[in-house]
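So you can see what is in the structure, the chains are spelled out below.
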Amino acid sequence: MKDLDMMNPKQAINSFNEWDPLEEVIVGVVDGATVPTWHVTLQATMPANQREFYLRNGGQPFPKEQVEAASKELETFVGILEAEGVRVRRPDRLEHARPFATPDWRSCGGMYAAMPRDALLVVGNEIIEAPMAWRSRYFEPVAYRSLLKEYFHRGAKWTAAPRPQLSDALYNYDYTEPLDGEPIEYVISEFEPTFDAADFIRCGRDIFAQRSHVTNRFGIEWLRRHLDEEYTIHELAFDDMHPMHIDATILPLAPGKLLANPERVKRVPAIFKSWDILWSPRPCLPDAHPLYMTSKWINMNVLSLDHERVIVEEGEETMIKALKAWGFKPIPCPFRNFNSFGGSFHCATLDVRRHGRFESYF
């Protein structure tokens with residue numbers, strides 16, 4: 001055993017799970033958010049009713065009024081976090097509409113720096129840049145480089161997974177959505193390792209991953225070998241024909257308490273047999289509310305500040321009621337406009353430092 005058990009909780013990076021008392025967090029920014037150019041990867045993951053929006057607006061900024069409304073909610077969220085004693089850090093604000101290219105392909109622009117949970121993975125005292133599968137997100141980690149360099153100089157371990165080529169060999173351009181009962185067909189191949197950090201959930205020594213339309217087995221195996229014997233990575237599969245990011249399917253809120261999606265989790269993984277399964281109530285999000293990059297199940301994408309306090313969207317009344325019944329102390333925050341951009345409180349954050357130790361919960 002290395003010296004992980006002796007981690008100083010006041011060092012630059014220290015986070016082993018999703019629930020220990022939160023001390024420092026990165027909160028994304030939606031400034032400059034740009035509609036990604038249409039690609040087969042979007043076909044496999046984005047709401048079908050938004051396809052025309054992408055085809056018409058790819059490479060252009062998202063509607064100004066929606067960006068401003070989401071940005072206002074982010075500032076309210078930051079205010080709540082700071083009032084609860086959490087130090088908040090923000091990425092650099094960049095121009096995401098600028099085109100870029102590699103020797104293999106071109107992109108009309110990037111997307112945003114709104115979801116640090118997608119681009120970066122914190123494991124213990126290490127922060128890892130994810131090799132994301134969307135071409136529009138190729139340079140997204142650049143927005144966090146100022147923070148990453150600071151954390152490194154303060155003693156953190158900083159790693160970048162192998163930079164993917166994202167050539168045509170990675171993508172299944174013949175992708176078709178499976179019919180009911182058919183096996184899932186993934187839009188990415190095993191050409192090279194790719195993953196979004198949001199396809200991993202941390203529970204101390206055990207990390208749970210899902211193969212998805214952005215995370216392949218090559219990527220999961222790369223992380224498994226990189227972390228070595230100190231951690232066990234469990235690959236899970238759910239009843240989800242559009243898998244992309246695990247934290248709207250399962251999300252541990254505290255030791256022994258797992259929030260689960262009742263539509264996607266038909267069989268609770270055996271490792272959680274001793275845990276309380278908290279079935280997420282159905283979302284309250286109105287049908288008319290625009291969701292460009294997510295389903296309504298974004299309602300369960302909450303953020304634990306400790307074993308009791310949980311930040312939840314203020315309009316999700318059934319979730320607030322359920323959390324109270326489960327013994328939590330929900331903190332409501334408006335976030336509907338931010339939800340439109342594909343995430344909620346867990347997605348919009350990266351917990352850099354939690355007051356806790358390296359433990360096993362199974």
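What you see is a predicted model; the values in this text were computed from it and never measured.

Thresholds, definitions, all that
Residues numbered from 1 in each chain as written. Predicted model: local features only at pLDDT ≥ 70, side-chain atom pairs only at ≥ 80, totals over all residues. Heavy atoms only, no water. Phe/Tyr/Trp six-rings, centres within 6.5 Å; stacked < 30°, edge-to-face > 60°. Buried < 20%, exposed > 50% of the residue type's maximum accessible area, 1.4 Å probe, protein only. Lys NZ or Arg CZ within 6 Å of the ring centre and 35° of its normal. Salt bridge = Lys/Arg side-chain N within 4 Å of Asp/Glu carboxyl O. Helix = DSSP H or I, 4+ residues; strand = E, 2+ residues; numbered from the N terminus. Arc of directions from axis to C-beta. Contact = heavy atoms within 4.5 Å. Core = buried A, V, L, I, M, F, W, Y, C linked by side-chain atoms within 4.5 Å. Pairing = 2+ DSSP bridges. Axes fitted to C-alpha atoms, helices over the stretch in contact; angles between N-to-C directions. Right-handed = clockwise from strand over helix to strand, strands pointing away.

Let's shift gears to the packing of aromatic side chains. Within this structure, the stated rule accounts for 27 aromatic pairs. Arranged with centres 5.4 Å apart and planes meeting at 75°, the rings of Phe-195 and Phe-200 form a pair that is edge-to-face. One exposure class covers both Phe-195 and Phe-200, and it is buried. The rings of Trp-19, Phe-208, Phe-272, Trp-275, Tyr-361 and Phe-362 are connected pair by pair, giving a single aromatic cluster. Note that Arg-163 overlies the ring of Tyr-138, its terminal NZ or CZ placed 4.7 Å from the centroid.

Summed over the entire model, instances satisfying the criterion amount to 32 salt bridges. Three or more residues joined by partner-sharing salt bridges are found here, namely Glu-23, Glu-24, Arg-87, Arg-89, Glu-150, Arg-154 and Arg-353.

In this section: helix 5 (residues 145-153). Of the residues making up helix 5, those classed as buried are Leu-147, Leu-148 and Tyr-151. Buried residues in helix 5, looked at end-on, bunch into an arc of 100°, giving them a common side. The inward-facing, buried residues of helix 5 contact strand 1 (22-27), strand 2 (87-89), strand 5 (120-123), strand 6 (126-129), strand 7 (157-160) and strand 17 (349-354). Just downstream of helix 5 lies Gly-155, where phi reads positive at about 110°.

Time to look at the nonpolar core. Of all hydrophobic cores here, the largest spans 53 residues; its most connected members are Phe-62, Phe-77, Leu-81, Ile-311 and Phe-341. For this core, the secondary-structure elements that each account for two or more residues are strand 1, helix 1 (40-45), helix 2 (51-57), helix 3 (64-83) and strand 16 (329-333). Ranked by the residues each element gives to this core, the list is headed by helix 3, at 7 residues. For Phe-62, the residues in contact, after removing those within four places along its chain, are Ala-33, Thr-34, Val-35, Pro-36, Phe-53, Val-67, Tyr-292, Met-293 and Phe-341. Of all hydrophobic cores here, the second largest spans 36 residues; its members include Ile-13, Ala-143, Ala-209 and Leu-227.

One open sheet accounts for 3 strands, arranged 8-9-10; its pairing is mixed. The open sheet is flanked by strand 8 (200-203) and strand 10 (232-236), the only strands paired with a single partner. Pairwise comparison of adjacent strand axes, ignoring direction, gives a mean angle of 25° for this sheet. As judged from the 4 bridges shared by strand 8 and strand 9 (residues 206-210), these two strands associate in the antiparallel manner.

In terms of burial, strand 15 (residues 309-313) is largely enclosed, as 5 of its 5 residues are buried. Residues Arg-309, Ile-311 and Glu-313 point to one face of strand 15 and Val-310 and Val-312 to the other, with burial holding for every one of them. Sheet topology places strand 14 (residues 303-304) next to strand 15; 2 bridges connect them, and they run antiparallel. Looking at the pairing, Leu-303 lines up with Ile-311 of strand 15. Here strand 14 folds back onto strand 15, and the loop between the two strands holds 4 residues. Relative to strand 16, strand 15 runs parallel, the two being bridged by 5 bridges. The residue of strand 16 that forms the bridge with Ile-311 is Ile-331. At this point the chain moves from strand 15, through helix 7 (residues 317-325), to the parallel strand 16, and the crossover so formed is right-handed.

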